[in-house]
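A look at the structure
Read off the chains here:
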Amino acid sequence: MAESFRLKEILAEEVRLLKDMVALEEKTMQILMEGNVGALAEANLQKEELVKKMAEMEKQRRLLLPSGVTLREFCRRENPPDAGELEELRLHLLQLHSSLQRMLKLNRNLLKHNLRFVEYALNIIFPRKEEPLYASSGKVKEQLPLSTGLVDSNA
């Protein structure tokens, strides 16, 4: 049952890391609203470290469970003495995954909105005549028939 004990340690660490990631995404939302570029860069570095740690924990978890076997199936088959604790950890992980997905979606929408605004503002201030413009979606955007912008070489 050493596997079960180690699995419990790994899952508890994954819970801790996911809590940290959710908190960091909440902080990122505030940073995006404030427009603090330096804080955003710092938060992204922290997220990168958390993601690396999560990937390592997930790799260790997969080594303990047979390929294709879920934690729920493992508990049913092996019936470890700490199956109840493993199930609690599993449910906590699912809840945190859901919270993280929600925060990521909100932050992604904030970023998309900001990119559309920047694109709109740049097109008004510095319209381009012959160069293809790319929308935030990555597609080539149709040009507006404006010949000059708010700021041009004739101003």
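Let me begin by describing the structure that accompanies this report. (Residues numbered from 1 in each chain as written. Predicted model: local features only at pLDDT ≥ 70, side-chain atom pairs only at ≥ 80, totals over all residues. Heavy atoms only, no water.)

Along its length, the chain carries four helices and two strands. When the elements of the chain are put in sequence order from the N terminus, they spell out α-α-α-α-β-β. A fraction of 63% describes how many contacts in the chain between residues 6 or more apart in sequence connect residues 24 or more apart. Summed over all atoms, the accessible surface of the chain reaches about 11000 Å², with 57% contributed by carbon and sulfur. (Helix = DSSP H or I, 4+ residues; strand = E, 2+ residues; numbered from the N terminus. Contact = heavy atoms within 4.5 Å. Areas by Shrake-Rupley, 256 points an atom, 1.4 Å probe, with all protein chains shown as cover.)

As a rule of thumb, nonpolar side chains are buried together in soluble globular proteins. In this structure, Leu7, Leu11 and Phe74 are the most contacted members of the largest nonpolar core, which totals 26 residues. Secondary-structure elements contributing two or more residues to this core are helix 1 (2-34), helix 2 (37-64), helix 3 (71-78) and helix 4 (83-125). With ten residues, the single largest contributor to this core is helix 1. In contact with Leu7, other than residues within four places in its own chain, are Arg61, Leu64, Leu65, Leu71, Phe74 and Leu86. (Core = buried A, V, L, I, M, F, W, Y, C linked by side-chain atoms within 4.5 Å. Buried < 20%, exposed > 50% of the residue type's maximum accessible area, 1.4 Å probe, protein only.)

The full count for this structure, using the stated rule, is twelve salt bridges. Here Lys59 and Glu56 are joined by a salt bridge, their closest N and O atoms 4.0 Å apart. In this pair, Lys59 and Glu56 both sit in helix 2, three residues apart, roughly one turn of the helix. (Salt bridge = Lys/Arg side-chain N within 4 Å of Asp/Glu carboxyl O.)

Below, the discussion takes up the environment of Arg108. Topologically, Arg108 is positioned in helix 4. Looking at Arg108, the relative accessible area reads 43%, which means it is partly exposed. In this structure the C-alpha to C-alpha distance between Arg108 and Met29, which are 79 residues apart in sequence, comes to 9.4 Å.

Before going further, it helps to examine helix 4. An ideal rise of 1.5 Å per residue puts 63 Å on 43 residues; helix 4 measures up with 62 Å between its terminal C-alpha atoms. The set of residues buried in helix 4 consists of Ala83, Leu86, Leu89, Arg90, Leu93, Leu96, Ser99, Leu100, Met103, Asn107, Glu119 and Asn123. (Expected span 1.5 Å × (residues − 1).)

This part is about the side chain of Lys8. Positionally, Lys8 belongs in helix 1. The buried category is assigned to Lys8, whose relative accessible area is 17%.

For helix 3, the full list of buried residues reads Leu71, Phe74 and Cys75. Along the axis of helix 3, the buried positions cluster into a sector of 95°, meaning they face one direction only. With respect to the buried face of helix 3, the exposed residues turned more than 90 degrees away are Arg76 and Arg77. Positive phi appears at Asn79, one or two residues downstream of helix 3, with a value of about 45°. (Arc of directions from axis to C-beta.)

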